[in-house]
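Descriptive structure summary
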Amino acid sequence: MTAIADLELSARELAARRAWAERELELQDGVASRAQLAFGGYTPNDIRRAIRRREMQLVHRGVYVTHTGPLTWRQRAWAAVLYAEPAALCGPTVLEPIRTDDADGPIHVAIDHSRRLVAPPGVVVHRVVGLARQMFAGQRPPRLKLEDNALLRAREATSEIEVIGLLTDIIGRRGVTTDAVRTALKRHPRLPRRGFITGLLADVEAGTCSVLEHGYLTRVERAHGLPTGTRQSKRLTPTGNEFRDVEYEAYGLVVELDGRLNHESWRAQGRDTDRDLDDLALGGRLTARLRWHQVFETQCRTAARVTQLLHQRGWTEDPTRCGDDCTLENWR
C-alpha cells in the first residue's frame, strides 16, 4: 500500500508541476527556460522531440518558445530576461514600444554587478550594483523601476541635455515623483552629474529654474560677451507684480527661461503667451522664451539670435566666440 501511495503522490506531483509549467508558458508568452521546463516534467528528450516536430524552437541557450515563427517584442524580452536571470529589462526596453519601428531594436537587460555574462545576438547586458533593490516588484517581464532606469541611462549620457531629457520623460509618468528619483539617487552613489541632477530636482519641487538660469548666464550670456541682463526684475502687469528672468532694459528685450520638466497643459502655455503680449503691449518689450535645448544644446546659436535681437534694439558691440569649437553663427 505504501508503494502504491508513493507512486500516486509522484503522479499527482508531476501533474501539478506540468500544470505549473503550462501556466508559466502562458504568462510568459510561450517562452520558458530549460530549468522551468525541467521542473515541469519535460525531459531533454521531450524538448528535442518538440523541436523536431516544430512545436518549439531554441531562442537563446537554454531558452525556448513554443512556435517556430518570428518572435513578438514581448517574447524577445522574455527570452532575454530568462537567458540572463536573475535579470530585469532596462534602458529603452523598460517600456514596451508603441511604434513598430522600436520593436526591432536590441533588448536591454540588467544583471547584478557581481556577475559576468556574454550577451547573445540581439541582447545588450548592463551590470548594475544592487539589482534587487532597483527592480519593479510584480512586473512581468521583470524590469527596473522607471526612476532607477533613468539614472542608469543618465550614467551613460554624453551631455547634460540628454540627462534633462531622461528626467523629463519619467517625472510624472506612472506616479514617478521627484522624491522617488531622489530616493533612487541614494542607490547610485557614484552617478556622474549627481549635483546637476540634484539641482534639477530641487528646481522642479520649488517651481523655479535656477539650473537653467545659471546655464543661460554662463553658457550664453557671459560665454559670448553679451551685455549683462538684470535678473528677476519686477514688472507690474494687469494681474499684479511679476518677475522677469532676464531683462535687457536698455534694449527692450526680456528673456524668459522655461525650465518645466513635466508635460504642461495648454493653459500654462496660454499664460506664457499672455505675459509675452503684455510685455509688447504695455512696454514695447520683446520676450524671447528659451528652454533647456536652447541653453544646453544650441547655446552658441542662441547667443547669435539674442545678439540679433539686441542689435535690432540698439546694442552696437560684437559678441565673442566661447572657444575654439564655438559655432556662433553669422548674426549680422
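As shown above, the structure is provided for reference.
Let me begin by describing the structure that accompanies this report.

Attention now moves to the overall build of the protein chain. The helix and strand tally for the protein chain stands at 13 helices and ten strands. Within the protein chain, the proportion of its 332 residues that are buried is 42%. Once local pairs closer than 6 in sequence are excluded, the contacts in the protein chain between residues at least 24 apart make up 55%. Only carbon and sulfur atoms are counted for the fraction: they give 52% of the accessible area of the protein chain, which is about 18200 Å².

With that settled, the discussion passes to the environment of Arg74. Inspection of the secondary structure assignment puts Arg74 in helix H4 (residues 73-84). Each C-alpha atom, one on Arg74 and one on Val31, is 9.5 Å from the other, the two residues being 43 residues apart in sequence. Excluding residues that lie within four positions of it along the chain, Arg74 makes contacts with Asp29, Glu96, Arg140, Pro141 and Arg143.

Within the largest apolar cluster, 46 residues are counted, with the highest numbers of intra-cluster contacts made by Ile197, Tyr216, Leu257, Trp292 and Phe296. Excluding residues within four positions of it along the chain, Ile197 makes contact with Leu151, Ala154, Val163, Leu167, Leu185, Leu191 and Pro192.

On to the sheet that holds strand S6 (residues 123-128). Ordered by their spatial adjacency, three strands build an open sheet running S4-S5-S6, and the pairing between neighbours is mixed. Every other strand in the sheet has two partners, leaving strand S4 (88-89) and S6 as the edge strands with one partner each. Of the pairings in the sheet, the one linking S4 to strand S5 (residues 107-112) comprises two bridges and is antiparallel in character. When the sheet's bridge partners are listed, Leu89 is paired in S5 with Val109. Contacting S4, S5 and S6, H4 runs over the sheet at an angle of about 25° to S5.

Along the chain, Leu144 turns up in the loop between helix H5 (131-134) and helix H6 (146-155). Note: C-alpha distance between Leu144 and Ala88 (56 residues apart in sequence) is 6.0 Å.

Note on aromatic pairs: each is described by the distance of the centres and the angle between the planes. Inspection of the entire model under this criterion finds three aromatic pairs. Aromatic pair Trp20 and Phe39: ring centres 5.2 Å apart, planes at 80°, arrangement edge-to-face. Here the residue Trp20 occupies a position in helix H1 (residues 2-27), and Phe39 occupies one in helix H2 (residues 34-39), the gap between them amounting to 19 residues. Classification of Phe39 as partly exposed rests on a relative accessible area of 39%. Its end group placed over the ring of Tyr42, Arg18 keeps NZ or CZ at 4.1 Å from the ring centre.

A side chain with one charge can pair with a side chain of the opposite charge if their charged atoms come near. As enumerated under the stated definition, the model contains nine salt bridges in all. The closest approach of N and O atoms between Arg219 and Glu160, which form a salt bridge, is 2.6 Å. Separated by 59 residues along the polypeptide, Arg219 in helix H10 (residues 210-221) and Glu160 in helix H7 (residues 160-170) bring together distant segments of the chain. You can call Arg219 partly exposed: its relative accessible area is 26%. What makes Glu160 partly exposed here is its relative accessible area of 23%. Among the salt bridges present, the one from Arg231 reaches Glu221, with a minimum N-O distance of 3.0 Å. One end of the pair, Arg231, is in strand S7 (residues 230-237); the other, Glu221, is in helix H10, and ten residues separate them in sequence.

Cut-offs applied
- Residues numbered from 1 in each chain as written.
- Predicted model: local features only at pLDDT ≥ 70, side-chain atom pairs only at ≥ 80, totals over all residues.
- Heavy atoms only, no water.
- Helix = DSSP H or I, 4+ residues; strand = E, 2+ residues; numbered from the N terminus.
- Buried < 20%, exposed > 50% of the residue type's maximum accessible area, 1.4 Å probe, protein only.
- Contact = heavy atoms within 4.5 Å.
- Areas by Shrake-Rupley, 256 points an atom, 1.4 Å probe, with all protein chains shown as cover.
- Core = buried A, V, L, I, M, F, W, Y, C linked by side-chain atoms within 4.5 Å.
- Pairing = 2+ DSSP bridges.
- Axes fitted to C-alpha atoms, helices over the stretch in contact; angles between N-to-C directions.
- Phe/Tyr/Trp six-rings, centres within 6.5 Å; stacked < 30°, edge-to-face > 60°.
- Lys NZ or Arg CZ within 6 Å of the ring centre and 35° of its normal.
- Salt bridge = Lys/Arg side-chain N within 4 Å of Asp/Glu carboxyl O.

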